[in-house]
Amino acid sequence: MTQDFLLSRAEAVHCLPARVRFRCAFRDAGQADWSMLTALALGIDGVENARASAHARSLVLGFDPAVTDPARIRAELLSLGAQAAAARGDSAPAHAARNALLTSAVVLFGIGWLPRALQFGISAVAASSLFREAGEDLAHEGITSRVLEGLAVAISLTRGDYAVANTTGFLLSLGEYLSETTARRSDMLLRELLRPAHPSVWVMQDGQEVEIPADEVVIGDTVIVAAGSVLPVDGRVLSGLASVNEAALTGEATLVEKKRGAKVLSGALVQEGRIAVYAESVGAGTVAARIAEYVERSLAAKGRMQLDSAQLADQLVPTILRVATASFLISGDWRRPASVLQADYSCALKLATPIAFRSAMYGAGQSGILIKGADALERLAEADTYVFDKTGTLTTGVLEVTDAIAFDADFSPEDLICLAASVEEHYAFHPLAMAVVEAARATGHNKHFDHQEVEFIVAHGVASSIDGKRIVVGSRHFVEDDEGIDCSAHRGMIDHLFDEGKTVLFVGFGGRLLGIIGLEDTLRPSAAASIARLRELGGKRILMLTGDREDRAQEIAAELGLDGYHADLLPEDKARIIEELGRSGARIAFVGDGINDAPALARAYVGIAMNRGADIARLTADIVLLEDDIAGITDAVEIAREVMDVIRVSFRLTIGLNTTILAGAALGLLSPLATSVLHNGSTIAILLNVLRRHIGPAQRPVLAPVG
């Protein structure tokens with residue numbers, strides 16, 4: 001069984017003969033349990049002591065050089081399993097943050113009646129974790145915002161301002177709790193939305209079919225896949241015959257016959273029949289496994305604005321320290337530097353932006369839109385050109401009957417549809433059969449023709465008898481070649497339907513061609529309205545890419561009011577066109593769903609995939625619509641633009657408010673307590689405003705600027 005690993009990175013940043021410090025990164029942000037990591041590290045052979053810092057993201061280990069060394073310890077760390085974390089649950093970090101908040105609240109509001117000596121001891125113990133983290137930052141990373149916070153609290157304790165020290169600790173804990181809670185609930189939702197969909201697989205073992213967990217399949221296994229199941233591996237058909245729906249892979253709503261020697265890919269649906277597949281790609285080599293890995297990377301992805309905010313916050317730290325020093329040298333009053341150190345920009349700059357992004361991602365996810373990181377939101381907000389693949393995006397990807405042509409005067413078009421439906425209804429899981437049966441219901445007659453037992457011919461069609469005459473419904477090859485029915489008299493009409501890009505179903509009765517039924521993938525009902533809304537949101541150009549014929553593409557473009565289209569495209573043409581548009585300066589949002597759309601999704605400024613599309617398309621895309629509704633694209637654009645407004649306004653407020661507070665503290669106009677309350681209070685107010693504007697899954701999330 002494959003192993004789930006706890007850490008994705010363990011970098012040795014400082015080594016001594018018997019001590020090493022690792023900078024660590026968890027694979028799963030929701031399971032970043034540092035106390036659990038410490039306990040597991042102590043189980044490594046040769047490790048004698050361990051200490052972790054969540055703030056510094058470091059693990060310090062003491063070890064016996066005679067038993068092990070840093071390289072061996074690193075390898076052991078990277079192989080630590082995450083099962084222990086799963087057993088303890090994803091809530092450990094949230095519990096730690098909640099406990100820290102409760103403790104700081106008890107200390108702040110519960111020690112005022114105690115003697116001052118006890119107040120000092122309790123306050124110092126409550127601040128010990130802050131001092132420890134500040135010391136680690138100072139030793140390994142220099143002066144950081146944590147160092148300034150620790151210094152401010154230390155000055156307040158030294159001066160006996162316990163209320164100030166404890167208020168600062170409480171407000172810091174509250175901010176961290178809000179940040180941790182929002183990040184955790186967002187990450188859990190995002191991981192759940194892309195959970196692989198193959199929990200178990202049937203394989204041949206010693207001549208018997210056995211069901212085993214999907215992650216136990218190995219290369220060389222013979223995997224059995226029957227009708228209604230999704231192929232869990234990439235491989236080749238060893239035996240059997242099946243009609244496979246590859247719409248999720250190719251974007252085209254047609255069935256492909258798979259027999260011995262044919263290549264099959266994971267994610268395709270076996271619509272009919274049953275096949276045995278030789279597994280050529282399993283486990284980490286499959287698309288499903290790469291999805292899980294991609295999610296972990298996307299959760300850690302930061303947008304440019306988030307990185308810029310963090311960089312500015314770090315650059316301002318030395319300035320705060322210089323202002324604090326200058327204020328003391330000029331005034332000789334210890335209260336001024338204690339106040340100045342409280343007015344650090346880092347909290348608001350580093351917390352507000354990621355919380356806004358994660359809150360937007362969480363709300364979008366509950367409303368059926370998966371956004372894989374802050375950078376995707378930023379790029380979507382900047383997109384000015386929208387390019388759609390046709391099949392499965394602008395169209396439903398589901399066939400519908402558009403034509404029914406009877407070649408016998410005794411049968412009306414409705415009779416022809418009902419006749420075909422009478423025998424097709426026994427195989428209503430087939431997409432063509434489903435379309436014909438639905439069309440028969442829509443006639444209002446729903447006339448049923450009594451028939452004998454239905455014979456199903458895989459990848460060809462169905463056959464039966466009505467009043468002693470053989471009735472066959474299926475492909476041209478089946479009716480014309482296998483059944484020997486002459487279709488030449490109606491070749492002009494048949495070719496006309498084929499020229500229109502339609503799927504044609506042939507109906508033979510009594511040894512002659514009774515009629516033909518044309519089926520076509522139809523436009524989504526919401527397509528036109530969604531295109532119009534994108535224009536209102538600032539879309540400069542809206543284009544369509546399709547492998548369809550020129551006339552059909554022109555018809556759809558005119559109906560939807562598109563600015564242009566490219567027809568008769570091969571799969572590789574889409575990526576080329578996207579690249580050319582990008583070089584011209586367009587910021588392209590490309591919408592696709594097939595495996596052939598993956599290169600275009602990757603090369604676009606931002607890629608958007610439909611949920612019913614191929615795994616590789618959802619993997620490559622920056623945004624995935626989890627509901628089969630193109631209107632989700634306009635919702636995603638609105639969310640992206642609104643959250644960027646929130647962040648920009650919050651950024652300006654943070655700079656303005658903290659600069660004012662800093663000036664008041666440096667001039668002695670604000671006491672340390674007032675500075676702490678104003679600074680941390682404004683930060684928390686910004687966070688609460690972002691969280692307050694989160695809307696539940698029944699509504700579209702709308703974020704509005706602070707203030």
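What you see is a predicted model; the values in this text were computed from it and never measured.

## A few points about the packing of helix 20 (residues 527-536) against helix 25 (residues 631-666)
Two quantities define a packed helix pair, namely the angle between the helix axes and the distance between the axes.
And step 1. For the pair helix 20 and helix 25, interaxial distance at closest approach is 8 Å and the crossing angle is 20°. The pairing of helix 20 with helix 25 is recorded here as roughly parallel in orientation. Considering only the axes of helix 20 and helix 25, their crossing is left-handed. Of the residues in helix 25, those touching helix 20 at Ser530, Arg533 and Leu534 are Ala631, Ile633, Thr634, Val637 and Glu638.
And step 2. Classifying every residue of the contact of helix 20 with helix 25 gives four nonpolar, two polar and two charged.

## Observations concerning unusual backbone geometry
And step 1. Its identity is not glycine, yet Asp206 carries a phi of approximately 55°, on the positive side.
And step 2. Among the structural elements, Asp206 can be located in the loop between strand 5 (200-205) and strand 6 (208-213).

## Focus on the confidence of the model for the protein chain
And step 1. For the protein chain, per-residue confidence averages 79 on the pLDDT scale, and 80% of positions sit at 70 or higher.
And step 2. For residues 82-90, every residue scores under 50 in pLDDT, and the model assigns this stretch 19 contacts once sequence neighbours within four places are set aside.
And step 3. Considering only residues more than four positions removed or in separate chains, one finds that residues 694-707, a stretch of pLDDT under 50, has 45 contacts.

## So, a nonpolar patch on the surface
And step 1. Taken together, Ile219, Leu238 and Tyr278 make up a surface patch of nonpolar side chains, about 260 Å² in accessible area.
And step 2. Tracing the sequence through the fold places Tyr278 in strand 11 (residues 269-281).
And step 3. With relative accessibility at 34%, the residue Tyr278 sits in the partly exposed group.

## Topic: the side chain of Lys574
And step 1. Tracing the chain through its elements places Lys574 in helix 22 (residues 571-583).
And step 2. Note on Lys574: relative accessible area 5%, which makes it buried.
And step 3. At 2.9 Å, the side chain of Lys574 forms a polar contact with the side chain of Asp597.
And step 4. Those residues in contact with Lys574 that lie beyond four places of it in its chain are Asp389, Leu545, Leu569, Asn596, Asp597 and Ala600.

## Quick word on the sheet that holds strand 22 (residues 588-592)
And step 1. Taken in spatial order, the seven strands of this open sheet run 12-24-23-22-13-20-21, and their pairing is mixed. One side of each edge strand has no neighbouring strand; the edge strands of this open sheet are strand 12 (369-371) and strand 21 (564-566). This sheet shows a mean twist of 20° between the axes of neighbouring strands, independent of strand direction.
And step 2. For strand 22 and strand 23 (residues 606-610), the ladder comprises four bridges, and the chain directions are parallel. Opposite Gly592, over in strand 23, you have Ala609 as the bridge partner.
And step 3. Together, strand 12, strand 23 and strand 24 (623-625) form the strand contacts of helix 14 (residues 374-382), whose direction differs from that of strand 23 by roughly 100°.

## Structural notes on the sheet that holds strand 16 (residues 461-466)
And step 1. On the basis of which strands lie adjacent, the open sheet formed by six strands has the order 14-19-18-17-16-15 and antiparallel pairing. Single-partner strands in this sheet number two, and they are strand 14 (395-406) and strand 15 (455-457). Adjacent strand axes in the sheet meet at a mean angle of 20°, parallel and antiparallel pairs treated alike.
And step 2. The pairing of strand 14 with strand 19 (residues 512-523) spans eight bridges and is antiparallel. Each residue of the ladder has a partner; that of Ala404, found in strand 19, is Ile517.
And step 3. Packing of helix 16 (residues 413-424) onto the sheet brings it into contact with strand 14, strand 16, strand 17 (469-474), strand 18 (503-509) and strand 19, and relative to strand 19 it is tilted by some 85°.
And step 4. Contacting strand 14, strand 18 and strand 19, helix 17 (residues 431-442) runs over the sheet at an angle of about 60° to strand 14.

## Notes on the pattern of salt bridges
And step 1. Applying the stated criterion to the full structure yields 28 salt bridges.
And step 2. Put simply, Arg587 and Glu382 hold a salt bridge, and the shortest N to O gap is 3.6 Å. On the criterion of sequence distance, the pair formed by Arg587 in the loop between helix 22 and strand 22 and Glu382 in helix 14 is long-range, its members being 205 residues apart.
And step 3. Owing to a relative accessible area of 37%, Arg587 belongs among the partly exposed residues under this scheme.
And step 4. A residue is classified by how much of its surface remains accessible, and Glu382, at 26% relative accessible area, is partly exposed.

Thresholds applied
Residues numbered from 1 in each chain as written. Predicted model: local features only at pLDDT ≥ 70, side-chain atom pairs only at ≥ 80, totals over all residues. Heavy atoms only, no water. Axes fitted to C-alpha atoms, helices over the stretch in contact; angles between N-to-C directions. Helix = DSSP H or I, 4+ residues; strand = E, 2+ residues; numbered from the N terminus. Parallel < 35°, antiparallel > 145°, perpendicular 65-115°, else oblique. Left-handed = near helix turned anticlockwise from the far one by under 90°. Contact = heavy atoms within 4.5 Å. Nonpolar A, V, L, I, M, F, W, Y, C, P; charged D, E, K, R; others polar. pLDDT = per-residue confidence, 0-100. Patch = residues over 30% accessible without salt bridge, like charges linked within 9 Å, V, L, I, M, F, W, Y side chains within 5 Å. Areas by Shrake-Rupley, 256 points an atom, 1.4 Å probe, with all protein chains shown as cover. Salt bridge = Lys/Arg side-chain N within 4 Å of Asp/Glu carboxyl O. Buried < 20%, exposed > 50% of the residue type's maximum accessible area, 1.4 Å probe, protein only. Polar contact = N/O pair within 3.5 Å; in protein donor to acceptor, adjacent residues only side chain to side chain. Pairing = 2+ DSSP bridges.

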